[in-house]
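# Secondary and tertiary structure notes
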Protein chains: 2
Amino acid sequence: MHRTKVRIVEDALDANNTIAQANRDDFDRAGVTVVNFMSAPGAGKTTLLETVVSTLPGVRVGVLEGDVQGSLDADRLAGLHVPVTQLNTDPSFGGECHLDANMVRSAIGSLPLDEIDLLVIENVGNLVCPAEFRVGEDLRVMVSSVTEGEDKPLKYPLMFRACDLVLVNKIDLLPHLEYDLDRFLHYLDNVHPGVQRMLVSARTGQGIDAWRDWLVMAATREGALA
Amino acid sequence: MHRTKVRIVEDALDANNTIAQANRDDFDRAGVTVVNFMSAPGAGKTTLLETVVSTLPGVRVGVLEGDVQGSLDADRLAGLHVPVTQLNTDPSFGGECHLDANMVRSAIGSLPLDEIDLLVIENVGNLVCPAEFRVGEDLRVMVSSVTEGEDKPLKYPLMFRACDLVLVNKIDLLPHLEYDLDRFLHYLDNVHPGVQRMLVSARTGQGIDAWRDWLVMAATREGALA
């Protein structure tokens, strides 16, 4: 029984990877770099996009918004005059807790791939399943808010291990929290030694230049990123 | 294809509900009230349990800790001298993002049901799937931290709709956030009109007496709760 369940999960992930590769091939042919953007609910993904998407020098950016329901985040970003496509995971009941390759594939036809250099896919807020399902991305970025506590790398190791960049957000709140940043970074290095990290605050602007530069480098495939 | 998938999901939920009912029958026979305790990662579930579990007048409490990996929360609670049982959802790869009835069933044999009146099941930190899977509980409590933003009821409606009590946590941070509490409560009433809610801070103790009283009432099955 247990072995059967593991086998079914492995088969599902294999099927997902096959579709993810097809997505990746489509994105590569269009010359679009794709970033899978993940975090827990309310860590600040949308706000971190709002701070940079309209000011990326020389990079045309598009956003694919994954949400269980509604289009609140897409509406916020559309106001910044970047192309935004909404993808809802809620065909029934509670909805899916992550994007998978097939959902992204279903949206490819409505993405303006010829008009953008960089596609940011904002995943559903969740620290577990989004890390398991590749969607055709080149790079993965995750946001960890300091309000969530230092222990998250130990509790959700795959998410922290699977990403290329960790944005430690809301650091303007550090004076008001009992949060040990050194301990968080120690735990982070335990599960993903040396992974690139940036301390940022979408509210004060601290670290946002570095985040913007990273996206520009990713989109132009400079350096060792892509 | 789509209809088949919906059917499979419905069958899985039906199977889960059957096992959840068996769990519930076992809990009822033992005279134990069960609370399914849910939130996003880092909203403060464990801290909110720490503030009350050793000071519940006349109520013997046990905790079942659901985590993808590790036993950090169980270790914290064990220091308070309440019986804690750890349940990890990680048999392989990234692990499950929620507890289901079968996982809880597998733990029932190791729960000291004869020695407790109240069992709190701390679910995996996630606002989507835990709301879909009943585990045999009498009542559901969810924690929404003000650091997560006001829009969460609209983005994760099933979670807010499925619960009997909403703890709005970390309200000590309100002076440092641009968080519109009235708007949050308005959204909450949109998706779950009139649901009981408490404004709490595990750090300052605000609202904790009301939270403790609610648990005592639940455990003693007083009033209209159970």
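Above this note sits the structure.
To keep things clear, this report deals only with the structure shown in the data block. Please read all numbers here as calculations on a predicted model, not as lab measurements. (Residues numbered from 1 in each chain as written. Chains lettered and ligands numbered in written order. Predicted model: local features only at pLDDT ≥ 70, side-chain atom pairs only at ≥ 80, totals over all residues. Heavy atoms only, no water.)

### Notes on the overall build of chain A
In terms of regular secondary structure, chain A is built from 8 helices and 7 strands. A compact globule built from 226 residues should have a C-alpha radius of gyration of about 17 Å, and chain A, at 17 Å, falls within 12% of that. Overall, the C-alpha framework of chain A stretches about 50 × 45 × 35 Å when taken along its three principal axes. Looking at the 226 residues of chain A, the share that counts as buried comes to 59%. At a minimum sequence separation of 6, the contacts of chain A that also span at least 24 residues come to 74%. (Helix = DSSP H or I, 4+ residues; strand = E, 2+ residues; numbered from the N terminus. Rg over C-alpha atoms; globule rule 2.2 N^0.38 Å. Buried < 20%, exposed > 50% of the residue type's maximum accessible area, 1.4 Å probe, protein only. Contact = heavy atoms within 4.5 Å.)

### Concerning the relation of the copies chain A and chain B
Overlaying chain A on chain B yields an RMSD of 0.0 Å, the required transformation being a rotation through 180° with an accompanying axial translation of 0.0 Å. On the angle and the small slide along the axis, the relation comes out as a two-fold axis. Scanning chain A for the C-alpha nearest the rotation axis identifies Asn126 of chain A, at a separation of 3.0 Å. When the interface residues of chain A are mapped onto chain B, 100% of them again fall at the interface, so both copies present the same face. (Least-squares fit on C-alpha atoms with pLDDT ≥ 70 in both.)

### Some words on the packing of aromatic side chains
Describing an aromatic ring pair means giving the distance of the ring centres and the angle of the ring planes. Counting across every chain of the model gives 8 aromatic pairs over all chains. Here Tyr179 of chain B and Phe184 of chain B contribute two aromatic rings whose centre-to-centre distance is 6.1 Å and whose plane-to-plane angle is 35°, an arrangement assigned as tilted. By relative accessible area, which is 11% here, Tyr179 of chain B ends up buried. Owing to a relative accessible area of 0%, Phe184 of chain B belongs among the buried residues under this scheme. Connected via pairs of aromatic rings, a cluster forms that spans Phe37, Trp211 and Trp214 of chain A. (Phe/Tyr/Trp six-rings, centres within 6.5 Å; stacked < 30°, edge-to-face > 60°.)

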